[in-house]
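# Descriptive structure summary
If you want the building blocks of each chain, they are given just below.
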Amino acid sequence: MSGIELAAWSFPILLLLIFVRVPIGLAMFVCGLVGAWLIYGSADPILNQMKQLTYSTFSNYNLSVIPLFLLMGQFAALGGLSRALFKAAEAWIGHRKGGVAMAAVGACAGFGAICGSSLATAATMGQVALPELKRAGYAGGISTATLAAGGTLGILIPPSVVLVIYAILTEQNIAKLFLAAFVPGVLAAIGYVIVIAIYARLRPQEMGTVAPVPMAERWKATVKVWPVLTIFLVVVGGIYLGIFTPTEGAAVGAFGTGLAAWAAGGLNRKTVAGAILGTAVATGMIFMIVLGAGVYNTFLALSQLPQEAASMVAGSGLSPMVVLIAILVIYVILGCFMDSLSMILLTIPVFFPVVTALDFGMSPEHFAIWFGILVLIVVEVGLITPPVGMNLFVINSMAKDVPIMATYRGVMPFVASDFIRTAILVAFPAIVTFVL
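Cut-offs used in this document
Residues numbered from 1 in each chain as written. Predicted model: local features only at pLDDT ≥ 70, side-chain atom pairs only at ≥ 80, totals over all residues. Heavy atoms only, no water. Helix = DSSP H or I, 4+ residues; strand = E, 2+ residues; numbered from the N terminus. Buried < 20%, exposed > 50% of the residue type's maximum accessible area, 1.4 Å probe, protein only. pLDDT = per-residue confidence, 0-100. Core = buried A, V, L, I, M, F, W, Y, C linked by side-chain atoms within 4.5 Å. Contact = heavy atoms within 4.5 Å. Phe/Tyr/Trp six-rings, centres within 6.5 Å; stacked < 30°, edge-to-face > 60°. Axes fitted to C-alpha atoms, helices over the stretch in contact; angles between N-to-C directions. Parallel < 35°, antiparallel > 145°, perpendicular 65-115°, else oblique. Left-handed = near helix turned anticlockwise from the far one by under 90°. Nonpolar A, V, L, I, M, F, W, Y, C, P; charged D, E, K, R; others polar. Patch = residues over 30% accessible without salt bridge, like charges linked within 9 Å, V, L, I, M, F, W, Y side chains within 5 Å. Areas by Shrake-Rupley, 256 points an atom, 1.4 Å probe, with all protein chains shown as cover. Salt bridge = Lys/Arg side-chain N within 4 Å of Asp/Glu carboxyl O.

## A closer look at the environment of V186
- You can see V186 is positioned in helix α11 (residues 174–202).
- By relative accessible area, V186 is classed as partly exposed at 32%.

Following this line, the structure appears as structure tokens:
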């Protein structure tokens, strides 16, 4: 069996292993190891490469940004910043029809600016907002759907762990990727707010309100979010202006959120230990996926599949846009079954050579950043696409009284909003690249 045939067979085998609940990192590691073994005809070469691959992967300075951003999110949750964001937004717009749901979306966007993970954003904001939405009289389906969709803003609003990984894989500038993601992230939040407004007009019986809050109370609630705004401006602004690197910015952000949590009384010996342990567990999981992807991608490189795929697509006569749309559709489908980080690590080494061989009429750097933002968006669409969107299950597990079918129905308008936004960004790349 040729190397290309081995690589082609490895994809269904990998998906089967994931389906039977083998951890994704381990599944990629095993497929890559066995595949390289079969190509070499011996285990010795790949085992020798493992020594260098493991060291080069985990000694990558850029990867140190990941545990720092994760720790930043842990401290933000301990400091009650998620609740402060939600309460401030609710104070201003909660009395409007659909206003509490809109406030939840706004709080998700704000928390995403200091978190970097969609699942963490969904879980954290779910704990804060679900009881408030229920108390305000919102139907269960629209409540869970709003928070599942809002959770996707966790990696769209920079900083983003997934964008860091994409930057490393494609050798792009992390700061430029963060800058390019900001406008699409804001557009996502605006799109979700518009969906809620339309939903409130069409199904007013499923929406609730809260009593208007006096202006003095509104400003009092707003003042409480100053740590979030300060941390975001210092971290992201510092990275954009070149004052410090992304890793240094993440360290500053972790320190700042730690101070905010301490000032709010959320830090003590037990909670600090819990935050560090949670960060270590999440980092270990991510790094295992990174290592597994490294082994699997080494096997794919040996098989020559990426190169052959790029040559085949380039000679197929298909327009670049058709190829791009087909790849984006594949990402949406994969997003129903896999988390965003695993998808990026698994597919970028195959798809990126394919699309870079095509002419989209822009510089290589601008194309790589535009493609990265598009991939990030459709990956997150997959996380809220029924029947197996991961964000849907995270939120639904926190609302035991809401049938999963109600969540499915409620999330479809948000999915439609995502598809419209993706189409706009595909048609007008300058929305992403104008800031570069």
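Past the structure itself, the notes keep going.
## Details of the confidence of the model for the protein chain
- Looking at the protein chain as a whole, the pLDDT averages 84, with 99% of positions reaching at least 70.
- Per-element confidence in the protein chain ranges from a low mean pLDDT of 73 for helix α16 (residues 305–314) to a high of 91 for helix α21 (residues 404–427).

## Here's the deal with the nonpolar core
- Counting 144 residues, the largest nonpolar core has I66, F86, L147, L153, Y331, F371 and F414 as its most contacted members.
- Ignoring anything within four residues of it in the chain, the contact list for F371 reads Y166, L324, I327, I348, F352 and V355.
- L71, F75, A254 and A261 belong to the second largest nonpolar core, which has six residues in total.

## Side note on the packing of aromatic side chains
- For the structure on display, the rule yields 13 aromatic pairs.
- Note on Y192 and F414: the rings are 5.6 Å apart at their centroids and 75 degrees apart in plane angle, and the pair reads as edge-to-face. Taken together, the positions of Y192 in helix α11 and F414 in helix α21 put the pair 222 residues apart, joining distant regions of the chain.
- A residue is classified by how much of its surface remains accessible, and Y192, at 1% relative accessible area, is buried.
- One aromatic cluster in this structure is built from Y166, F352, F360, F367, W370 and F371.

## Quick word on the packing of helix α18 (residues 340–356) against helix α19 (residues 364–382)
- Where α18 meets α19, the closest approach of the two axes is 11 Å, and the angle between their N-to-C directions is 140 degrees. The orientation of α18 with respect to α19, classified from their angle, is oblique. Between α18 and α19 lies a crossing whose hand is right-handed. Residues S340, M343, I344, I348, F352, V355 and T356 of α18 form the contact with α19, whose own contacting residues are F367, A368, F371, V375, V379 and E380.
- For the contact of α18 with α19, the per-class residue count stands at 10 nonpolar, two polar and one charged.

## Points about a nonpolar patch on the surface
- Taken together, the side chains of F182, V186, L187, I190, I194, I198 and L202 make up a nonpolar region of the molecular surface, amounting to roughly 600 Å² of accessible area.
- Turning to its location among the elements, F182 is positioned in helix α11.
- With a relative accessible area of 33%, F182 lands in the partly exposed category.

## Comments concerning the packing of α11 against α19
- Running from N to C, α11 and α19 cross one another at 50 degrees; their axes reach a closest spacing of 10 Å. Classified by the interaxial angle, the pair formed by α11 and α19 is oblique. As α11 runs across α19, the sense of the crossing is right-handed. Residues K176, L177, A180, A181 and P184 of α11 form the contact with α19, whose own contacting residues are E365, I369, I373 and I377.

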